[in-house]
Amino acid sequence: MALSKTSLRHLPDLNDLDAATLEGLVDRACALAGGAPPQVIEQSVVNLFFEPSTRTRVSFELAAQRLGMTVVNIELERSSATKGESLEDTVATLAAMGIGHLVIRHPETGLPRRLMPVLPAGLRLLNAGDGTGEHPSQALLDAAPLRSNGLDFHHARVAIVGDIRHSRVARSSARLFSRLGVADIRLAGPAGWLPDDLDLPGAALFDDLERAIDQADVIMMLRVQKERMSPDDWPDQASYHRQWGLTAERLAGAAENCRVMHPGPINRGVEIADSVADGPQSLILDQVRLGVYARMALFEWLAES
Amino acid sequence: MALSKTSLRHLPDLNDLDAATLEGLVDRACALAGGAPPQVIEQSVVNLFFEPSTRTRVSFELAAQRLGMTVVNIELERSSATKGESLEDTVATLAAMGIGHLVIRHPETGLPRRLMPVLPAGLRLLNAGDGTGEHPSQALLDAAPLRSNGLDFHHARVAIVGDIRHSRVARSSARLFSRLGVADIRLAGPAGWLPDDLDLPGAALFDDLERAIDQADVIMMLRVQKERMSPDDWPDQASYHRQWGLTAERLAGAAENCRVMHPGPINRGVEIADSVADGPQSLILDQVRLGVYARMALFEWLAES
Amino acid sequence: MALSKTSLRHLPDLNDLDAATLEGLVDRACALAGGAPPQVIEQSVVNLFFEPSTRTRVSFELAAQRLGMTVVNIELERSSATKGESLEDTVATLAAMGIGHLVIRHPETGLPRRLMPVLPAGLRLLNAGDGTGEHPSQALLDAAPLRSNGLDFHHARVAIVGDIRHSRVARSSARLFSRLGVADIRLAGPAGWLPDDLDLPGAALFDDLERAIDQADVIMMLRVQKERMSPDDWPDQASYHRQWGLTAERLAGAAENCRVMHPGPINRGVEIADSVADGPQSLILDQVRLGVYARMALFEWLAES
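Residues numbered from 1 in each chain as written. Chains lettered and ligands numbered in written order. Predicted model: local features only at pLDDT ≥ 70, side-chain atom pairs only at ≥ 80, totals over all residues. Heavy atoms only, no water.

Whenever I open this one, the overall build of chain A confuses me. Can you help?
Each helix and strand in chain A was counted, giving 11 helices and 9 strands. For chain A, the C-alpha radius of gyration of 19 Å lies close to 19 Å, the compact-globule estimate for 305 residues. Along the three orthogonal principal directions, the C-alpha set of chain A runs to about 60 × 40 × 30 Å. Contacts spanning at least 24 positions in sequence make up 76% of the contacts within chain A whose residues lie at least 6 apart. Carbon together with sulfur atoms contributes 49% to the accessible area of chain A, which is approximately 11,500 Å² in total. Here chain A contributes 30 positive and 40 negative side-chain charges, whose respective centroids are spaced 4 Å apart. (Helix = DSSP H or I, 4+ residues; strand = E, 2+ residues; numbered from the N terminus. Rg over C-alpha atoms; globule rule 2.2 N^0.38 Å. Contact = heavy atoms within 4.5 Å. Areas by Shrake-Rupley, 256 points an atom, 1.4 Å probe, with all protein chains shown as cover. Lys, Arg positive; Asp, Glu negative; His and termini not counted. Charge placed at Lys NZ, Arg CZ, Asp CG, Glu CD.)

Here it is, written out as structure tokens:
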């Protein structure tokens, strides 16, 4: 029996996926990284980016190419989408052209989930970041190197540090860590950067870096958006670094072998010291490396539908 | 015997093709859409766009990829063509690099045909829109869904509505319809948007929407270029819509089962009402879908030479 | 035994390659142009361009595609590299994504060689032009058509004319010609455009075009950067052409069958007359044609490591 059109999978976020599926995706990313042969998917992918992000676009592009998919890139600034066409019509047009997967990045929070009910038949949607909303492939690539590094999620203490309030990375990753069994999640940052509400089991807010990372097994430092830095509190980047930067001294207060993560691109000497970013506990490049495999795992999962 | 260099085919427009070739291209597009296996063409395509058009560029890119061709995109704004190199030299350079097909979009009317005598050996040219001139692949993708929809071109009444004067879509499609046997073509639009001269058998001009679409079997609405709207006549888009927009009420005056077309992107509520664009008589997404197959058919035809 | 990571080859310039390797690369480019089957390289290439150059980017892209490589293009203006990330971190990130070859163009002279010590394991670097430094693939594509044209490098007189001082093309090509055995290299140009120092065996400086090309077997005209033209000396392009342009009359003073080259894009009527650029002695399009094969040869050579 043919699959009905409405049985196609989408990935606006990871929230609808059960724990077994989430663990399956993390495991599949690790397996691919370990040399498992990828599937061959004879479909086209369009990367539709309404915000520039070379890093994410290239990672998706490489992932698709390794699965044998053909890729077409569309960036907003030169898109006919700017001719006043609605996003729904742009998406319907791309679907009519026969593409199988649409990777979309958009500054509007919640857009992928709002698009879902009107998604044309035959098109699988994969959110590559929406406003301050979600970034599901980033969450997967945060979890995968921890899994391949042998972290026991159920007994791990995870600190996420920085501008939590505006970070879709923090949001998506914290939720995934929680779903994978992490019971101790510390969200730390300057007062204005902490979320107002927090609906996450086991999560607590900290306004102090040292306390937040005390005995932590994982520290994820977020990128500072410099335009959000308060000139009163931090007249320069060095002053931010003194209060909120992860240094080797501070890292010594975390658990032995604490892993350090960062979604990149990193501001060296601002939220993270060189010695930590380049140190033996850093998983930052593993995140990048597994990011391609995490996206391959997601394409495979979507293509099953 | 090897083909001589000058026997290569080009497609500046559809005017030099005989009726059998035109019908063969339409049929081939429909066959490919129906699942006929595409040829494999081991050549490179360059999309050389001096005007941005995501829709057309992506359609050509997907078409080429499905034929196994490799694609390189060049957009003017960042091109070394802006270093003062002549277009002839740019084209000669691309030909020397060994590409087989050049898809060119350029704001200068008539440029593809003027380029033809100086085209380097080995390079097939495919016009993707020149100024207010021609847009042959668009004409094919307008004809193909009508053919696959069972339209009898020889007895069809076709209305094309909008800014006929400046529209290469109107020009190319009207000519192709005429070549395919349509004997009743109504070109309708506000006075300033009608062509001064018209050398098309069976075509007539209308300055009234209702009369133009009376008993029509096909209505093709053109996109309004908002900068060309006269503020005296239409102070806002709604007032244009009242006079020239295709609504369900107006569509009722056309033939039963009249097909509605639009080259896109559509201005909803301006030249076309939502209920018509999304209604059962709309072929708009079929045009997009068959557009990829029409371009595949064109690449196959060019590659034969 | 597996190759160690540090045994990977890079190509910041041609200076470290011995004469046999250089000749091998030239020969391989000619062989590929003659129909020798290319290798299949199952790796990814990233074209990372911090300066726009359609011509060079497209040539590398086509070369990679013909070797079966997948290509990802990154241009600076829209790159997250502009988010303040260091170039080293950008390169480390791309390496972590598993790409095999990085083709880099950057306005900073000497950058590729400075990057080499910090290049991440697994990444081969290929310089596509750095500031006023080197452009090794251009040098190869200058040598290859001369080789395929039967030039005896050891007895050839080569004149390079124009803005030698600021030209990485002049620098790279002159060095390669010297390494390939050319003992008579004349560098000619207006006084301010000649280099201060010159460490090249057999090279001499000329401030007069006629004398520089006297009995020359090869003349390479450089592109005039119009913003560098002195308005006192040359109030318009025609006056530059009168003094420094290569015309048919002047070419008659060179050796019989002297070959004329130009890296393109050419300024017709400025540094070169139409009749010369398009004449029977011009190898300009052969340079372009062999450029793709020269880059294929370089990718093959890098991939061996």
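Whenever I open this one, unusual backbone geometry confuses me. Can you help?
Phi is mostly negative for residues that are not glycine, and the peptide bonds are mostly trans. Residue and element names in this part refer to chain A. For the bond running from glycine 264 to proline 265, omega is -10 degrees, close enough to zero to count as cis. The phi dihedral of glutamine 215 is positive, around 60 degrees, even though this residue is not glycine. Residue position: glutamine 215 is located in the loop between helix H7 (209-213) and strand E8 (218-221). Classification of glutamine 215 by relative accessible area gives partly exposed; the value is 39%. (Buried < 20%, exposed > 50% of the residue type's maximum accessible area, 1.4 Å probe, protein only.)

What exactly am I supposed to notice about the sheet that holds strand E4 (residues 124-130) of chain B here?
Each strand in a sheet pairs with another by means of backbone hydrogen bonds, the pair being arranged parallel or else antiparallel. Residues and elements named next belong to chain B. Strand order across the open sheet formed by 4 strands is E2-E1-E3-E4, with parallel pairing between neighbours. The open sheet has two free edges, formed respectively by strand E2 (70-75) and E4, since each of these has just one partner strand. Each strand axis lies, on average, 15 degrees off the axis of its neighbour in the sheet, ignoring direction. Sheet topology places strand E1 (residues 44-49) next to strand E3 (residues 101-106); 5 bridges connect them, and they run parallel. (Pairing = 2+ DSSP bridges. Axes fitted to C-alpha atoms, helices over the stretch in contact; angles between N-to-C directions.)

Whenever I open this one, the confidence of the model for chain A confuses me. Can you help?
Low pLDDT marks regions whose predicted coordinates should not be analysed in detail. Residue and element names in this part refer to chain A. Here chain A averages 93 in pLDDT, and 96% of its residues register 70 or above. Note that residues 1-5 has pLDDT below 50 and, in this model, 3 contacts with residues that lie over four places away or in other chains. Predicted complex, confidence summary: ipTM 0.94, pTM 0.94. (pLDDT = per-residue confidence, 0-100.)

How should I be thinking about the interface of chain B and chain C in this particular structure?
Interfaces are frequently sized by the accessible area removed from exposure as the parts join. At the junction of the two partners, chain B supplies 19 residues and chain C supplies 22 residues. Together chain B and chain C conceal approximately 1,900 Å² of surface at their shared face, both sides included; 53% is due to carbon and sulfur atoms. The interface formed by chain B and chain C holds 2 salt bridges in total. In this structure, Asp89(B) and Arg268(C) form a salt bridge, with 2.6 Å as the shortest nitrogen-oxygen distance. Listed by contribution, the elements that provide at least two residues to the side of chain B that touches chain C are E2 and helix H3 (87-96) of chain B. Of the residues that constitute the side of chain B that touches chain C, the class distribution is 8 nonpolar, 7 polar and 4 charged. (Buried area = accessible area lost by both parts, 1.4 Å probe. Salt bridge = Lys/Arg side-chain N within 4 Å of Asp/Glu carboxyl O. Nonpolar A, V, L, I, M, F, W, Y, C, P; charged D, E, K, R; others polar.)

Is there a simple way to think about the environment of Asp16(B) in this case?
Residue and element names in this part refer to chain B. Counting through the fold element by element, aspartate 16 comes out in the segment before helix H1 (19-33). A relative accessible area of 58% places aspartate 16 in the exposed class. Within the local environment of aspartate 16, its side chain forms a polar contact with the side chain of arginine 113, the two groups lying 3.1 Å apart. (Polar contact = N/O pair within 3.5 Å; in protein donor to acceptor, adjacent residues only side chain to side chain.)

Can you walk me through helix H3 (residues 87-96) of chain A in this structure?
Burial analysis of H3(A) places 9 of its 10 residues in the buried class, which makes it a mostly covered element. Tucked inside the fold, the buried residues of H3(A) contact strand E1 (44-49), strand E2 (70-75), strand E3 (101-106) and helix H4 (111-115) of chain A together with helix H2 (54-66) and helix H11 (284-303) of chain B. Of the residues trailing H3(A), Gly98(A) is marked for its positive phi of about 90 degrees.

Can you walk me through the relation of the copies chain B and chain A in this structure?
Here the two chain copies are tied together by a rotation about an axis and a shift along that axis. When chain B is fitted to chain A, the best match, at an RMSD of 0.0 Å, comes from turning it 120 degrees and sliding it 0.0 Å along the axis. Such a combination of turn and shift is consistent with a three-fold rotation axis. A different interface surface on each copy is seen, since only 5% of the contact residues of chain B are contact residues in chain A too. (Least-squares fit on C-alpha atoms with pLDDT ≥ 70 in both.)

Is there a simple way to explain the packing of helix H5 (residues 136-148) of chain A against helix H11 (residues 284-303) of chain A in this structure?
All names here are of chain A. Interaxial distance between H5 and H11 falls to 8 Å at its minimum, and their mutual angle equals 115 degrees. The two elements H5 and H11 cross, and the hand of that crossing is right-handed. Counting all contacts with H5, which are made through Ser137, Gln138, Leu140, Leu141, Asp142, Ala144, Pro145 and Ser148, the residues of H11 involved are Asp286, Gln287, Leu290, Gly291, Ala294, Arg295 and Leu298. Looking at side-chain class alone, the contact of H5 with H11 contains 7 nonpolar, 5 polar and 3 charged residues. (Left-handed = near helix turned anticlockwise from the far one by under 90°.)

Even after reading the chapter, I still don't get the sheet that holds strand E7 (residues 203-206) of chain C, so can you show me in this structure?
All names here are of chain C. Strand order in the open sheet formed by 5 strands is E7-E6-E5-E8-E9, and the pairing between neighbours is parallel. Across the chains shown, the open sheet's two edge strands, defined by having one partner strand only, are E7 and strand E9 (259-261). Mean inter-strand twist for the sheet, computed between neighbouring axes without regard to direction, equals 20 degrees. Here strand E5 (residues 157-161) pairs with strand E6 (residues 184-188) via 5 bridges, running parallel.

Would you explain the pattern of salt bridges in this entry?
Within this structure, the stated rule accounts for 63 salt bridges over all chains. For the salt bridge of Asp13(A) with Arg113(A), the shortest nitrogen-to-oxygen distance reads 2.9 Å. Of this pair, Asp13(A) sits in the segment before helix H1 (19-33) while Arg113(A) sits in helix H4; the two residues are 100 residues apart in sequence, bridging distant segments of the chain. With relative accessibility at 6%, the residue Asp13(A) sits in the buried group. By relative accessible area, which is 36% here, Arg113(A) ends up partly exposed. The closest approach of N and O atoms between Arg211(B) and Asp207(B), which form a salt bridge, is 3.8 Å. Among the residues examined, Arg211(B) registers a relative accessible area of 49% and is labelled partly exposed. With relative accessibility at 52%, the residue Asp207(B) sits in the exposed group.

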